[in-house]
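# What the coordinates show
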Amino acid sequence: MLRESLTLDSEGRPFRMLVFRGSPKSRRKWNYVIDDMRRDADAEVLSNGIKQHESRSLPTKEVKVLDAPKIKDDFYVNLMDWGRNNVLAVALGSALYLWNAENQEVKKLLEVQGDNDYPTSVAWSEKATTLAIGCMKSKLQIWDPETSKCIRSLGGHQSRIAAIAWNGHTLTTGSRDRSIINHDVRVGNSPTSRIKAHTEEVCGLKWSSEGNVLASGGNESSIYIWEASKMSSSNFLHRFNAHNQAAVKALAWCPYQFNVLASGGGTGDGCIKIWNIKKGTCTHSIETKAQICGLEWNRHHKEILSGHGYGNSGVQNHLCLWKYPSMTKVGEINRHERRVINLSQSPDGLTVVSAGGDETLRFWEIFGPPRVENSASDFENLLSLKTSLIR
């Protein structure tokens, strides 16, 4: 009976969807009726004082705090990464731990052996099936978190590995020995390319989401942009030297404008800069007057979050949220007692975790969509005059 009522008209003939019947005059009159009804609905909303779009505001406190004893309070290291498997990898002293965000379980994956040797960089592979760990004394290993076994040891560096970035089967590492090495993890220990353009330690590495461009930051304040297809020739696409003799560790590619890169300078600079890689130009520069230790783009809104360390301003040790592209400040959070060492975000892009020199990991629900009160259900929206495009 339901099928017949939906597919047959009152005379038993097949019902035709969205077919205009009647004269143009009657159609125009119907349009006016709909417009009047919409205006009445708008007037009712305004009279009741209901806001249709709630403005975003920053959380006043974290949703969770985890103790992180022995975490290295070092600007140059990258000790934390949140994988697509919803597991957070974090290095504490000489050990590396895995924290499962779904069941809250903690697992100790490894302990680095040797005097004054410990993890200095951590990065999940793109599918989070393996974990790469770089160490103070140039050791580089790939681990299987399921079996808790090291499946590959890679060489090539002569000093600490401060930055790691994955691009498919390519593992890219940056070191205090000033070199960048690309490893093809499908083959043996044979680097596919080695680059030595930076004059000081390489402390920042980020592949673009498309995997065709790599950004590297160094302690000498330089940012290099490399094309994946030309890295073996050591010819860079761009070199930027605008961070005022300060280290560039914080690098982040924009998730909705693929040619846009954000970078943050160290203590001597304290600026967030936005770069157009296609044109090779700086489009925005914001002075924060505090060390920038991490940058994370919001995938749900056009915003970027910065984590800060030492400085001469009120944002020292703060988290700051900025609108993009205006780069006006949305707000700031001050809960860490010492500098923010690293930032990472959950796979769904709703939660950000900050690792602090105060030996805490703090979780923030800062990137979620704005909450709209009195929101209608999907079925109500379908029938609503506010959302229907059919007249």
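In this text, all values refer to a predicted model and were calculated from it rather than measured experimentally. (Residues numbered from 1 in each chain as written. Predicted model: local features only at pLDDT ≥ 70, side-chain atom pairs only at ≥ 80, totals over all residues. Heavy atoms only, no water.)

As a further point, take the sheet that holds strand E27 (residues 352–356). Overall, antiparallel pairing links the four strands, which are arranged E1-E28-E27-E26 in an open sheet. Only two strands of the sheet have a single partner each, and these edge strands are strand E1 (64–67) and strand E26 (340–345). Each strand axis lies, on average, 20 degrees off the axis of its neighbour in the sheet, ignoring direction. (Pairing = 2+ DSSP bridges. Helix = DSSP H or I, 4+ residues; strand = E, 2+ residues; numbered from the N terminus. Axes fitted to C-alpha atoms, helices over the stretch in contact; angles between N-to-C directions.)

Before going further, it helps to examine the side chain of Thr 170. Looking at the secondary structure, you find Thr 170 in strand E11 (residues 170–175). The buried category is assigned to Thr 170, whose relative accessible area is 16%. Residues contacting Thr 170, with those up to four places away along its chain left out, are Ala 165, Asn 182 and His 183. (Buried < 20%, exposed > 50% of the residue type's maximum accessible area, 1.4 Å probe, protein only. Contact = heavy atoms within 4.5 Å.)

Within the largest apolar cluster, 31 residues are counted, with the highest numbers of intra-cluster contacts made by Ile 71, Leu 88, Leu 96, Leu 98, Leu 131 and Leu 361. Elements represented by at least two residues in this core include exactly strand E2 (80–82), strand E3 (87–92), strand E4 (95–100), strand E5 (106–111), strand E6 (119–124), strand E7 (131–135), E27 and strand E28 (360–364). For this core, the element with the highest residue contribution is E3, accounting for six residues. Once residues lying within four places of it in the same chain are set aside, the contact partners of Ile 71 are Leu 79, Val 90, Ala 91, Leu 92, Gly 93, Ile 341, Ala 355, Gly 356, Glu 359 and Leu 361. Core analysis: the second largest hydrophobic core is formed by 18 residues, Ile 272, Trp 297, Val 315 and Tyr 324 among them. (Core = buried A, V, L, I, M, F, W, Y, C linked by side-chain atoms within 4.5 Å.)

Here we come to the packing of aromatic side chains. What the rule picks out here adds up to nine aromatic pairs. With a centroid separation of 4.0 Å and 10 degrees between ring planes, the pair formed by Phe 240 and Trp 275 is classed as stacked. Of the two residues, Phe 240 sits in strand E17 (residues 238–240) while Trp 275 sits in strand E20 (residues 271–276), which places them 35 residues apart along the sequence. Among the aromatic side chains, those forming a connected cluster through ring pairs are Trp 82, Trp 99 and Phe 363. (Phe/Tyr/Trp six-rings, centres within 6.5 Å; stacked < 30°, edge-to-face > 60°.)

Moving on to the confidence of the model for the protein. Looking at the protein, pLDDT values average 86 and 80% of them are 70 or higher. Residue range residues 15–34 is modelled with pLDDT below 50. Its contacts to residues more than four positions away, or to other chains, number nine contacts. Counted against residues more than four places away or in other chains, residues 371–391, with its pLDDT under 50, gives 18 contacts. (pLDDT = per-residue confidence, 0-100.)

Taken together, four strands build an open sheet; the order of strands is E2-E3-E4-E5 and the sheet is antiparallel. Across the chains shown, the open sheet's two edge strands, defined by having one partner strand only, are E2 and E5. Strand after strand, the sheet turns through a mean of 20 degrees between neighbouring axes, direction not considered. Inspection of the sheet shows E2 paired to E3 by three bridges, in the antiparallel sense. Considered in E3, the bridge of Asp 81 is made with Ala 89.

Let's shift gears to the side chain of Ser 179. By the secondary structure assignment, Ser 179 is in the loop between E11 and strand E12 (180–184). Within the structure, Ser 179 has its side chain in polar contact with the side chain of Asp 177 (distance 2.7 Å). Here Ser 179 is in contact with His 157, Thr 173, Gly 174, Arg 194, Ile 195, Lys 196 and Val 202, once residues within four sequence places are set aside. (Polar contact = N/O pair within 3.5 Å; in protein donor to acceptor, adjacent residues only side chain to side chain.)

Moving on, we get to the pairing of strand E8 (residues 140–144). With respect to burial, E8 is a largely interior element, five of its five residues being buried. Between E7 and E8, which pair antiparallel and follow one another directly, the connecting turn spans four residues, one of which, Ser 138, has a positive phi of 75 degrees. In this sheet, strand E9 (residues 149–154) lies alongside E8 in antiparallel orientation, the contact comprising five bridges. Following the sheet pairing, Gln 141 is matched in E9 by Ser 153. Taken together, E8 and the strand that follows it, E9, pair antiparallel across an intervening segment of four residues, in which Ser 148 is found at a positive phi of about 55 degrees.

All right, on to the pairing of strand E24 (residues 319–323) then. Buried residues dominate E24, accounting for four of its five residues. Where strand E23 (residues 303–311) lies against E24, five bridges are found, and the strand directions are antiparallel. Considered in E24, the bridge of Ile 304 is made with Trp 322. As paired elements, E24 and strand E25 (residues 329–333) share four bridges and run antiparallel to each other. Paired with Leu 319 across the bridge in E25 is Ile 333. Linking two consecutive strands that pair antiparallel, namely E24 and E25, is a turn of five residues; a positive phi of about 60 degrees is found at Met 327 within it.

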